[in-house]
Amino acid sequence: MTLKKTLTIAGSDTSAGAGMQADLKAFQEHGTYGMVALTVVVTMDPNGWHHQVTPLPTDLLQKQINTALSTKVDAIKTGMLSTEEIIKIASDAIQKSGTNIVVIDPVMVCKGEDEVLNPGNTTAMIEYLLPHATVVTPNLFEAGQLAGTGTPKTIEEMKVAAAKIHELGAKNVVIKGGKALASDKAVDLFYNGTSYKLLASEKVASTHNHGAGCTFAASVCANLANGLSVEESIIEAKEFVSAAIAHGWALNEYVGPVMHGAKPRFGAPEVTITEI
Ligand SMILES: Nc1ncnc2c1ncn2[C@@H]1O[C@H](COP(=O)(O)OP(=O)(O)O)[C@@H](O)[C@H]1O
Ligand SMILES: Cc1ncc(COP(=O)(O)O)c(C=O)c1O
Ligand SMILES: [Mg+2]
């Protein structure tokens, strides 16, 4: 039996809820063969959990990409790309890969950390990544940065930002309202250039959602690789991450990762889709 090969170009979250660890866990749960080209290593200060981001030498990243691409990957996801140079390397990899299944998770901040990774990266993401995106999955902050609108606070503002990001070349845009949007439900906005749809699930009253964004985007990537449509892929990913958040847990006093494999074990909360 052959498996679909899904490559993540992403960072290592040593606490293992987010980053390439989340991607590999989500790929595995979706039955794809997860592969990694590592960009940075994120470590945490044991006292206070402040994050430190250490990039790998770019020639080492390039060697990993060469190795992975030589196997002819079926789909690519990107995660934390901490410098403009790394963003360009990821863009080249996408173009050389020959795949048109590309999920861009435009990671700009770690949850709980205020510091934006590198403000210049936004311009590089717009130029080098968005034109190749089958699906881009910004959270509210990232959507506001990419669209140049500032962080959306309402569904109407999310629609404006999604339209701008689509104009920049991303074929499909999912803006994750998540916990940050003031609404009863956890609401994400999906725009494919034609229609706007809201995906809503129960908002879990928990801070144990570390890695939710990575898990969502990796699930979309695996679903697309497995042949689902864009809309089917996004709906299933929303179910998958909702279950993972509902079963999030405390790794220690500082961080609560999602339970990546919750959906097949415990089932998923209902996701409703409404065209607006
Ligand atoms: N408390 C929550 N309850 C239910 N779903 C959530 C919650 N927080 C986030 N989500 C969902 O998890 C996914 C990831 O969103 P989010 O956590 O905002 O991304 P990121 O981790 O990139 O900031 C989205 O589908 C979002 O709606
Ligand atoms: C390596 C890495 N990638 C991505 C993220 C973003 O994680 P999330 O899925 O919570 O947005 C983090 C956050 O800590 C990280 O350490
Ligand atoms: Mg994120």
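Refer to the preceding data block for the structure.
Residues numbered from 1 in each chain as written. Chains lettered and ligands numbered in written order. Predicted model: local features only at pLDDT ≥ 70, side-chain atom pairs only at ≥ 80, totals over all residues. Heavy atoms only, no water.

Enquirer: Is there a simple way to explain helix 5 (residues 140-147) in this structure?
Expert: The periodicity of an α-helix, 3.6 residues per turn, causes residues three or four positions apart to be oriented the same way. Burial analysis of helix 5 places 6 of its 8 residues in the buried class, the great majority of the element. Considered for burial, the residues of helix 5 that qualify are Leu140, Glu142, Ala143, Gly144, Leu146 and Ala147. Where helix 5 is buried, its residues meet helix 4 (121-129), helix 6 (155-167) and strand 7 (172-176). Where helix 5 terminates, the next one or two residues include Gly148, which has phi positive at roughly 75 degrees. (Buried < 20%, exposed > 50% of the residue type's maximum accessible area, 1.4 Å probe, protein only. Helix = DSSP H or I, 4+ residues; strand = E, 2+ residues; numbered from the N terminus. Contact = heavy atoms within 4.5 Å.)

Enquirer: What exactly am I supposed to notice about helix 3 (residues 84-97) here?
Expert: Taking 1.5 Å per residue as the helical rise, helix 3 with its 14 residues ought to reach 20 Å, and the 20 Å between its terminal C-alpha atoms agrees with that figure. Those residues of helix 3 that sit buried are Ile86, Ile87, Ile89, Ala90, Ser91, Ala93, Ile94 and Ser97. Phi for Gly98, located one or two positions after helix 3, is positive at around 80 degrees. (Expected span 1.5 Å × (residues − 1).)

Enquirer: Would you mind showing me how to read the packing of aromatic side chains here?
Expert: When we look at a pair of aromatic rings, we describe it by the centre distance and by the angle of the planes. A full pass over the atoms with the stated rule returns 2 aromatic pairs. Seen from their ring centres, Trp49 and Tyr254 are 5.8 Å apart, and the 15 degrees between their planes marks the pair as stacked. Remark: Tyr254 occurs in the loop between helix 8 (230-246) and helix 9 (262-266) and Trp49 occurs in the loop between strand 2 (33-44) and strand 3 (51-55); sequence separation between them is 205 residues. For Trp49, a relative accessible area of 17% translates into the label buried. (Phe/Tyr/Trp six-rings, centres within 6.5 Å; stacked < 30°, edge-to-face > 60°.)

Enquirer: Help me understand the packing of helix 3 against helix 4, please; the structure alone is not making it clear to me.
Expert: To describe two helices that pack against each other, one gives the angle between their axes and the distance between the axes. It is at 9 Å that the axes of helix 3 and helix 4 come closest, and there the two elements cross at 10 degrees. With respect to each other, helix 3 and helix 4 are oriented roughly parallel. Note that helix 3 runs across helix 4; the crossing there is right-handed. In this structure, helix 3 contributes Glu84, Ile87, Lys88, Ala90, Ser91 and Ile94 to the contact, and helix 4 contributes Asn121, Ala124, Met125, Tyr128 and Leu129. (Axes fitted to C-alpha atoms, helices over the stretch in contact; angles between N-to-C directions. Parallel < 35°, antiparallel > 145°, perpendicular 65-115°, else oblique. Left-handed = near helix turned anticlockwise from the far one by under 90°.)

Enquirer: I tried to follow the pattern of salt bridges on my own but got confused; where do I start?
Expert: Oppositely charged side chains may form a pair once their charged atoms are brought near each other. Under the definition given, this model contains 10 salt bridges. A salt bridge links Asp23 to Lys77, with the shortest nitrogen-to-oxygen separation between them at 3.0 Å. In this pair, Asp23 is assigned in helix 1 (residues 19-29) and Lys77 in strand 4 (residues 75-78), connecting sequence segments 54 residues apart. Comparing Asp23 with Lys77 shows no difference in burial state: the two are buried. Across the pair Glu29 and Arg265 runs a salt bridge whose closest N-O atoms are separated by 3.3 Å. In this pair, Glu29 is assigned in helix 1 and Arg265 in helix 9, connecting sequence segments 236 residues apart. (Salt bridge = Lys/Arg side-chain N within 4 Å of Asp/Glu carboxyl O.)

Enquirer: Hey, could you run me through unusual backbone geometry in this one?
Expert: Non-glycine residue Trp49 carries a positive phi angle of around 65 degrees. Phi at Lys72 is positive, roughly 60 degrees, even though this residue is not glycine. Its location among the elements puts Lys72 in the loop between helix 2 (58-69) and strand 4.

Enquirer: Please explain the side chain of Ser195 as it appears in this structure.
Expert: Relative to the assigned elements, Ser195 resides in the loop between strand 8 (185-191) and strand 9 (196-202). Ignoring any residue separated from it by four or fewer positions in sequence, one finds Ser195 in contact with Phe190 and Glu275.

Enquirer: I'm lost on the nonpolar core in this one. Help?
Expert: Note that soluble globular proteins tend to have their nonpolar side chains buried in a common cluster. Judged by nonpolar contacts, the single largest core of 51 residues is most densely connected at Leu7, Ile9, Ile65, Leu129, Val136, Ile165 and Ile175. At 6 residues, the largest contribution of residues to this core is made by helix 3. Residues in contact with Ile165, not counting those within four places in the same chain, are Leu130, Val136, Pro138, Ala143, Leu146, Ala147, Ala170 and Val173. With 28 residues, the next largest nonpolar core counts Ile101, Val174, Ala212 and Ala222 among its residues. (Core = buried A, V, L, I, M, F, W, Y, C linked by side-chain atoms within 4.5 Å.)

Enquirer: Sorry if this is basic, but what is going on with the packing of helix 2 against helix 3 here?
Expert: It is the contact of helix 2 with helix 3, at a shortest axis distance of 11 Å, that shows an interaxial angle of 15 degrees. Here helix 2 is positioned roughly parallel relative to helix 3, judged by the angle of their axes. Remark: the crossing between helix 2 and helix 3 carries right-handed chirality. Contacts between helix 2 and helix 3 involve Thr58, Leu61, Gln62, Ile65 and Leu69 on the former and, on the latter, Glu85, Ile86, Ile89, Ala93, Lys96 and Ser97. Tallied by class, the residues present in the contact of helix 2 with helix 3 amount to 6 nonpolar, 3 polar and 2 charged. (Nonpolar A, V, L, I, M, F, W, Y, C, P; charged D, E, K, R; others polar.)

Everything listed here is a matter of geometry and, on its own, says nothing about what the molecule does.
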